[in-house]
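Tertiary structure, described
Here is how the chains run, residue by residue.
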Protein chains: 2
Amino acid sequence: MRIPTILRVRWPLRQPRPPRPAGRRRPTGGGPLSSQRPTLADVAAAAGVSVSTASLAFSGAGPIAAATRQRVLDAATALDYAGPNPLGRQLRRGRSGIVGVVVGDALRRSFRDPVSVQVLDGLVGTLGALDLGVLLIPNSCDAGAPAVDPLLESAAMDVAVLLWGGTTDAEVLGALRRRGVPTVLVEGSRTADVPVVGIDDRGGMARLARHLTDLGHRRISVVTLPFSRERHEGLVDEADRHEPAWVITGRRLAGVLDAGVVPHSVWETPASLVEHGAVAGRALLTAPEPPTAILCQSDLLASGVVLAARELGLRVPQDVSVAGFDGLDLPWLAPDVLTSVVQPLAEKGAAAGHAVEALLAGEQPANVELPVTLRIGTTTGPAPA
Amino acid sequence: MRIPTILRVRWPLRQPRPPRPAGRRRPTGGGPLSSQRPTLADVAAAAGVSVSTASLAFSGAGPIAAATRQRVLDAATALDYAGPNPLGRQLRRGRSGIVGVVVGDALRRSFRDPVSVQVLDGLVGTLGALDLGVLLIPNSCDAGAPAVDPLLESAAMDVAVLLWGGTTDAEVLGALRRRGVPTVLVEGSRTADVPVVGIDDRGGMARLARHLTDLGHRRISVVTLPFSRERHEGLVDEADRHEPAWVITGRRLAGVLDAGVVPHSVWETPASLVEHGAVAGRALLTAPEPPTAILCQSDLLASGVVLAARELGLRVPQDVSVAGFDGLDLPWLAPDVLTSVVQPLAEKGAAAGHAVEALLAGEQPANVELPVTLRIGTTTGPAPA
DNA sequence: GTGAAAGCGCTAACAG
DNA sequence: CTGTTAGCGCTTTCAC
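Everything quoted here is computed from the prediction, not taken from an experiment.

Reading the values: rules and limits
- Residues numbered from 1 in each chain as written.
- Chains lettered and ligands numbered in written order.
- Predicted model: local features only at pLDDT ≥ 70, side-chain atom pairs only at ≥ 80, totals over all residues.
- Heavy atoms only, no water.
- UniProt positions renumbered as here; feature names shortened; annotations may be inferred.
- Helix = DSSP H or I, 4+ residues; strand = E, 2+ residues; numbered from the N terminus.
- Near = heavy atom within 4 Å.
- Polar contact = N/O pair within 3.5 Å; in protein donor to acceptor, adjacent residues only side chain to side chain.
- Pairing = 2+ DSSP bridges.
- Axes fitted to C-alpha atoms, helices over the stretch in contact; angles between N-to-C directions.
- pLDDT = per-residue confidence, 0-100.
- Contact = heavy atoms within 4.5 Å.
- Least-squares fit on C-alpha atoms with pLDDT ≥ 70 in both.
- Nonpolar A, V, L, I, M, F, W, Y, C, P; charged D, E, K, R; others polar.
- Left-handed = near helix turned anticlockwise from the far one by under 90°.
- Buried area = accessible area lost by both parts, 1.4 Å probe.
- Salt bridge = Lys/Arg side-chain N within 4 Å of Asp/Glu carboxyl O.
- Buried < 20%, exposed > 50% of the residue type's maximum accessible area, 1.4 Å probe, protein only.

Side note on the UniProt feature "domain: HTH lacI-type" (unreviewed entry) in chain A
According to UniProt, the positions carrying the feature "domain: HTH lacI-type" (unreviewed entry) are residues 38–93 of chain A. In this annotation, residues 38–93 of chain A is assigned 70% helix and 0% strand; the end-to-end C-alpha distance for the span is 21 Å.

What follows is the structure, given as structure tokens:
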């Protein structure tokens, strides 16, 4: 008999049952009389089969007569059994089906950046097809952040993906290794002994820089992503330009140098956000000897610079050229299209997903470096005479 | 003796051990000789205490002598034991420590919207403090979407939070109820018998509409969020304006009517994105008899309308007033500030988090309706003569 | 094709 | 304060 929903506990939390009356389970026959949810054993009993057979009926992983299977499924419906308890399954299988995704910054900041979002989207899509769930693990990269997140230490996960690693890799990777959780790094240091998925930052930036020198620019300033957890905002002294703690920042800066460009000035931002780009733009363009071109390490920063330029009454690209990195669609810049290095964001997430798959299969995935392409938009032009 | 890392399997996946040689565990003493990770029993044995004592040493949930505790911890370090296996703990406790967050749309689309991101941020912050992790469950709201996500059916979670429910609530809520997973709805229909966290959409929109009529506007058009999973883009016939499947759309539309405003025209967008707002703006402002004010159901849509107006050479607010809803910071509109209804996004997430907490404590949380405030910016002004 | 048995790794009574 | 005991709910050999 089906017990009317209204009579059952509204939201029965799955809690350990109180010790059973007398060693044995409740007498067979008769549905769940307590507010407890039924188990596979209950269903098996109701269907008159063994637990192992009932298990097969749900997993389909083994030979079972269609009729038996149906009998089990019917019993399940009658008992309001919604399928095997994932906790039992997970313990038995030794796998949680969970991939921990460490987002390298406060969510609020990370997800304001379409770059992270698109990568995450590609990742979730790939993992979803493998029946893997994504557990969000925030990991503040700010200075004075409170060590690693507790989730990292104790949440169930089969694999971890570290997004935008760079400055805090050491602690996070250490915790994961200690736990024996295989890890994929997205855009981290390639020297770590974990598989890394990344793009050709350096080559892309070099091509972009060359594009500007080809246009005759000689006074080129660079607006960078954060150098370190300190997240300074402002000009970077020549002495401090080497070896930013954040890997991407370093690689994209190196690309500029590869093209033979010695930056007119370098401006560090605390985060890849439009407003920080605007601040940078205002500062650089109102300096005594302003640059004729500004090379930004992200599109969001670049669009801030473009807005600042417009605000100052400067024409882009006639008075100043601006270029970014990422290849985002920036509707609010319309009708302008930002000159940028386009990186395949969703593919990056998908590649990370495939690395996860390989790790789960016990393989050691190779590092991946995805290619980037140069997109010449309307925001760069010949250097003003 | 500590076994050098290099000699151990690089990334030992936690897999069910092969059946032990002879009923008993491997002989006590001597570290883990196989590539298997040590268990609490191993640590207990090494420390010369019982498993339960060892458990206490880690959980701290019970009386234990400091010396014993230290001995256990030392043994753990020696064995490279990183703490209790979450899978075992979860099964035993009957709790996973996981909150499933169903994002009511493709991630890519959802997270391009700062609104979702800020709510999620508030939620994650609150749940993190409770030692709960967030499992992302994508739930495409598009027409012809592939039923409910498998994760919803079978992932381990103690509670679920449904973000932006509205059109697909029925299936999702049904699946969750069947599984006995308590659920919190953010911005869903208040008729569901689950706790709902929301804002005063309707009242806020009414105030905004009144602000416009006070300024003398009589031809007011409305740009709306999607009406249904079909996600049309274009004008909505008068006959079709009632009862959108999406609850928020309906409530915000009702607010306009509450203020006594009969929309000059209503334009439906497929998603809350700048580009859709721009499309709407172009269409409405180039129509034969354009509105003097455009009321948008989100700030992203409103900013698209502002951009379209500027593009058409119209001055905002002299030629046309534009208002939004959400109260976002939109740096690219600077120096303009959008007139908008400000909703407390992070608080909304936090409120959802508290509802989760209550549910886990076995309580039935009350519905929450957070207040909104009107922000008069620079994008609305007197109706043109 | 089906059933019996053996745990996965852990925690929480309860007894000492 | 510590040890004993009894499972949480499930999957997976292995016999039959």
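Resuming the write-up.
Side note on the protein's contact with DNA strand C
In the neighbourhood of DNA strand C, 23 residues make up the surrounding shell, with A:T68, B:L40, B:Y81, B:N85 and B:R92 lying closest. Between DNA strand C and A:S52 there is a distance of 3.2 Å, counted from a base nitrogen to a side-chain nitrogen or oxygen. Within the side chain of B:S55, an N or O atom sits 2.8 Å from a phosphate oxygen of DNA strand C. When residues of the surface near DNA strand C are traced back to their parent elements, those giving at least two are helix 2 (51–59) and helix 4 (86–93) of chain A together with helix 2 (51–59) and helix 4 (86–93) of chain B. A total of 4 residues in the surface near DNA strand C trace back to one element, the largest contributor, which is helix 4 of chain B.

Structural notes on the sheet that holds strand 5 (residues 196–199) of chain A
Taking strand neighbours across the sheet as the criterion, the 12 strands line up as 12(A)-5(A)-4(A)-3(A)-1(A)-2(A)-2(B)-1(B)-3(B)-4(B)-5(B)-12(B) in an open arrangement whose pairing is mixed. Each end of this open sheet is capped by a strand with a single partner; those strands are strand 12 (368–370) of chain A together with strand 12 (368–370) of chain B. Adjacent strand axes in the sheet meet at a mean angle of 20 degrees when their direction is disregarded. Here strand 2 (residues 133–138) of chain A pairs with strand 2 (residues 133–138) of chain B via 3 bridges, running antiparallel. For A:L136, the partnering residue across the bridge sits in strand 2 of chain B and is B:V134.

A short note on the confidence of the model for chain A
In the predicted model, chain A carries a mean pLDDT of 87, and the fraction of residues at 70 or more is 88%. This stretch, residues 1–34 of chain A, has a pLDDT under 50; its non-local contacts, to residues over four places away or in other chains, come to 52 contacts.

Describing the relation of the copies chain A and chain B
Mapping chain A onto chain B calls for a rotation angle of 180 degrees and an axial translation of 0.0 Å; the resulting RMSD is 0.1 Å. The superposition of one copy onto the other is thereby described by a two-fold rotation axis. No C-alpha of chain A approaches the rotation axis more nearly than that of A:L135, which lies at 2.2 Å.

So, the protein's contact with DNA strand D
Within the structure, DNA strand D sits among 24 residues, and A:L40, A:Y81, A:N85, A:R92 and B:T68 are positioned closest to it. Sugar and phosphate atoms form 64% of the subset of DNA strand D atoms that lie within 4 Å of the protein. With respect to DNA strand D, the side chain of B:T68 contributes an N or O atom lying 2.3 Å from a phosphate oxygen. Contributions of two or more residues to the surface near DNA strand D are made by helix 2 and helix 4 of chain A together with helix 2 and helix 4 of chain B. Top contributing element to the surface near DNA strand D by residue count: helix 4 of chain A, with 4 residues. Its residues assigned to classes, the surface near DNA strand D shows 8 nonpolar, 10 polar and 6 charged.

Thoughts on the packing of helix 1 (residues 40–47) of chain A against helix 3 (residues 66–79) of chain A
All names here are of chain A. Two elements in contact, helix 1 and helix 3, have axes whose closest approach is 8 Å; the angle formed by their N-to-C orientations is 115 degrees. Like other packed secondary-structure pairs, helix 1 and helix 3 cross with a definite hand, here right-handed. Of the residues in helix 3, those in contact with D42, V43, A46 and A47 of helix 1 are R71, V72, A75, A76 and L79. For the contact of helix 1 with helix 3, the per-class residue count stands at 7 nonpolar, no polar and 2 charged.

Here we look at the interface of chain A and chain B
Taken residue by residue, the interface counts 60 residues in chain A and 61 residues in chain B. Buried surface at the junction of chain A and chain B, both sides included, amounts to about 5,500 Å², of which 66% is carbon and sulfur. Scanning the region where chain A abuts chain B turns up 0 salt bridges. Those elements that provide at least two residues to the side of chain A that touches chain B are helix 4, helix 5 (107–110), helix 6 (114–129), strand 2, helix 7 (150–154), helix 8 (169–179), helix 11 (274–285) and helix 13 (345–360) of chain A. Residue composition of the side of chain A that touches chain B, by class: 32 nonpolar, 11 polar and 17 charged.

A closer look at the pattern of salt bridges
Residues and elements named next belong to chain A. Applying the stated criterion across every chain yields a total of 24 salt bridges over all chains. Here R112 and E275 are joined by a salt bridge, their closest N and O atoms 2.8 Å apart. With R112 in the loop between helix 5 and helix 6 and E275 in helix 11, the pair connects residues that are 163 residues apart, well separated along the chain. Since its relative accessible area comes to 33%, R112 is described here as partly exposed. Close ionic contact of R282 with E311 constitutes a salt bridge, the shortest N to O distance being 3.0 Å. Taken together, the residues R282 in helix 11 and E311 in helix 12 (residues 299–311) connect sequence positions 29 residues apart.

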